[in-house]
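Notes for the structure review
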Amino acid sequence: MQEALPYKTWLPIPSEPRINTPTTPLHNQLLLPGTTNITNMVSENAVIVFGRRGCCMTHVVKRLLLGLGVNPAVCEVNEEDEIGVLDELGMVGAGEGKQGAVQFPAVFIGGRLFGGLDRVMAAHITGELVPILKQAGALWL
Amino acid sequence: MNSSSTHFVTSRRIGIYEPLHQISTWGESFKTNGCPNTSASTIAELEAKLDNQSEDTSHGTPGPSEKYDQEATKPVDKVQRRLAQNREAARKSRLRKKAYVQELESSRVKLMQLEQELERARQQGLYLGAGLDAGHLGFSGAVNSGIAAFEMEYGHWVEEQSSQICELRTALHAHISDVELRILVETAMNHYFNLFRMKATAAKADVFYMMSGMWKTSAERFFLWIGGFRPSELLKVLVPQLDPLTDQQILDVCNLRQSCQQAEDALTQGMEKLQQILAEAVAAGQLGEGSYIPQLATALEKLEAVVSFVNQADHLRQETLQQMVRILTIRQAARGLLALGEYFQRLRALSSLWATRPREPA
């Protein structure tokens, strides 16, 4: 079902995606090497943000989460891979019954598609975001 | 019967004329002293007077004297009802008068503002529409018209805002029901949401115009943050107006303040990063400012990001407003919205004052 995309041979492919915990702040920038990683990355990170390289909105999401005490995994996607990645993220989202195209930046919490910057902002203002993060194990206090 | 009908006629004269007399004299004192508190106590006094006069059973409508004999035998509560209607009509008349004077005052402020803007536009000569050599100024026709349309719409928005503020003020002093107050609150909220929609459209026409807050008055621009007011500032203006708050409300407001500040900080940091990227791109000559057509796509892409920031900032303003209204009772929300509207009115008035201040001749 998934289209095979050419591997970028110049990137080291981690044998196992790193599990996101607050005690390991290293290696949060994962450059996307191939498609099969995505589902793994989503399920194995409490919080992961997919965004375009150099995108300032991704930066905003990251700073907001960091400000809350969360250490999100951030996956920066190259321009060429954008469409492929969005499709796949869309499939992950569709698996939960969520319709509609995924846009960058895309935030996954607890292995599930949460939404974009709009959703994150709105959820934070209404106070919904922090409990969801705690439930996913992204916040410890 | 004769003696009672005579008694009738005398009291009737007093009954009809006195309320009107009271209204006109009250109106005089209102003109010289526009303080709503004074009017409120005057209303109370007048109501008390009318209540006392209800002891008489004689406040009938004018008519032939034969009617009085018939009316003397009608039940007392019909007379009471007429009395209440009279009170109501008098009260409504007072409120209308109040609203009219408020409108006059705000129109005066607006007039000063308009004069100032006209002066500014004359000097700049940028957006006066037809007759200008748009090519010479480097603008395309499309950009001009989008912004010109926004400026006109915004003028109407401010007018509508002034009348809504008057309505809120009147309604809060008149102690209308919560159901009616809710309608006013929702109208005011939708009005703000309309502005955000207008801004989103205008941002596509000229985002730098939006970022610089060019449509606002000078004092408002002093407080500018990503094309509008800071959501955290909004809370600082509102909260002191809302006492008393329940313990739960205090907690909720505290949380909202914190979330708002965090979201604001995140957006600010993102904005700084964008500025850095843009500055580096301009310094390196990478944005196609020359005639590199392929680079134009990159430049446009980067500027698109600025549009996103304006939209996200407005989204945050909207969410903050909505959450505030969720936390508060309807009456508190109405008071808060009134305070917010008055705050911006005062800022605009301050700008006019500043612009028209006496200056030393050059």
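Remember, predicted model here, so these are calculated numbers, not experimental data. (Residues numbered from 1 in each chain as written. Chains lettered and ligands numbered in written order. Predicted model: local features only at pLDDT ≥ 70, side-chain atom pairs only at ≥ 80, totals over all residues. Heavy atoms only, no water.)

Points about the pairing of strand β2 (residues 47-52) of chain A
Residue and element names in this part refer to chain A. Our working rule: When accessible area is computed with a 1.4 Å probe and restricted to protein chains, residues below 20% of their type maximum are described as buried, those above 50% as exposed, and intermediate ones as partly exposed. Segments assigned H or I by DSSP are reported as helices when at least four residues long, segments assigned E as strands when at least two residues long, and all are numbered from the N terminus. Each pair of strands is called paired provided DSSP finds at least two bridges between the two strands.
Most of β2 sits out of view: 5 of its 6 residues are buried. Sheet topology note: the β2/strand β4 (residues 106-109) ladder contains 4 bridges and is antiparallel. Note that in β4 the partner of Phe50 across the bridge is Ala106. As defined by bridge partners, β2 adjoins strand β3 (residues 73-77) across 5 bridges and the pair is classed as parallel.

Digging into the interface of chain B and chain A
Inclusion rule: We call two residues in contact when some of their heavy atoms are within 4.5 Å. Computed with a 1.4 Å rolling probe, the buried area is the accessible surface lost when two parts are put together, summed over both parts. Counted as salt bridges are all cases of a side-chain nitrogen of Lys or Arg within 4 Å of a carboxyl oxygen of Asp or Glu. N or O atoms closer than or at 3.5 Å make up a polar contact, with two conditions inside protein: a donor-capable atom paired with an acceptor-capable one, and, for residues adjacent in sequence, both atoms drawn from side chains. Basically, the charged four are Asp, Glu, Lys and Arg, the nonpolar ten are Ala, Val, Leu, Ile, Met, Phe, Trp, Tyr, Cys and Pro, and anything else, Gly included, counts as polar.
In this complex, chain B contributes 22 residues to the contact, which on the side of chain A involves 16 residues. Of the roughly 1,700 Å² buried where chain B meets chain A, counting both sides, 69% is carbon and sulfur surface. When residues of chain B are sorted by the area they lose upon contact with chain A, Gln262(B), Lys273(B) and Gln312(B) head the list and together hold 26% of the total. Taken together, the connections running from chain B to chain A amount to 0 salt bridges. Linking chain B with chain A are 4 residue pairs in polar contact (both at pLDDT 80 or more). No other element matches the 12 residues that helix α11 (residues 247-283) of chain B contributes to the side of chain B that touches chain A. In terms of residue class, the side of chain B that touches chain A is built from 10 nonpolar, 9 polar and 3 charged.

A few points about the confidence of the model for chain B
All names here are of chain B. Rule in force here: What pLDDT reports is the predictor's confidence in each residue, on a scale of 0 through 100.
Mean pLDDT over chain B stands at 78; residues scoring 70 or higher make up 69%. In this model, residues 127-143 is a region of pLDDT below 50 whose contacts with residues beyond four sequence positions or in other chains number 17 contacts. Across the predicted assembly, pTM comes out at 0.66 and ipTM at 0.77.

Thoughts on the packing of helix α7 (residues 178-205) of chain B against helix α13 (residues 330-355) of chain B
All names here are of chain B. As a reminder, the rule being used: Interaxial angle, 0 to 180 degrees, is taken between N-to-C directions of lines fitted to C-alpha atoms, where a helix line uses only the stretch in contact. Convention used here: angles under 35 degrees read as roughly parallel, angles over 145 as roughly antiparallel, angles from 65 to 115 as roughly perpendicular, and any remaining angle as oblique. Crossing handedness is read from the near helix: turned anticlockwise from the far helix by less than a right angle, it gives a left-handed crossing, and turned clockwise, a right-handed one.
Between α7 and α13, whose axes approach to 9 Å, the crossing angle comes to 40 degrees. Taken as axis vectors, α7 and α13 run oblique relative to one another. For α7 against α13, the interelement crossing comes out left-handed. From α7, Asp178, Leu181, Arg182, Val185, Ala188, Met189 and Tyr192 reach across to α13, where they touch Ile330, Arg331, Ala333, Ala334, Leu337, Leu340, Gly341 and Phe344. Partitioned by chemical class, the residues of the contact of α7 with α13 number 11 nonpolar, 1 polar and 3 charged.

Overview of the confidence of the model for chain A
Scored by pLDDT, chain A comes out at a mean of 78, with 69% of its residues at no less than 70. Counting interchain partners and residues more than four positions distant, the pLDDT-below-50 stretch residues 7-27 of chain A has 32 contacts.

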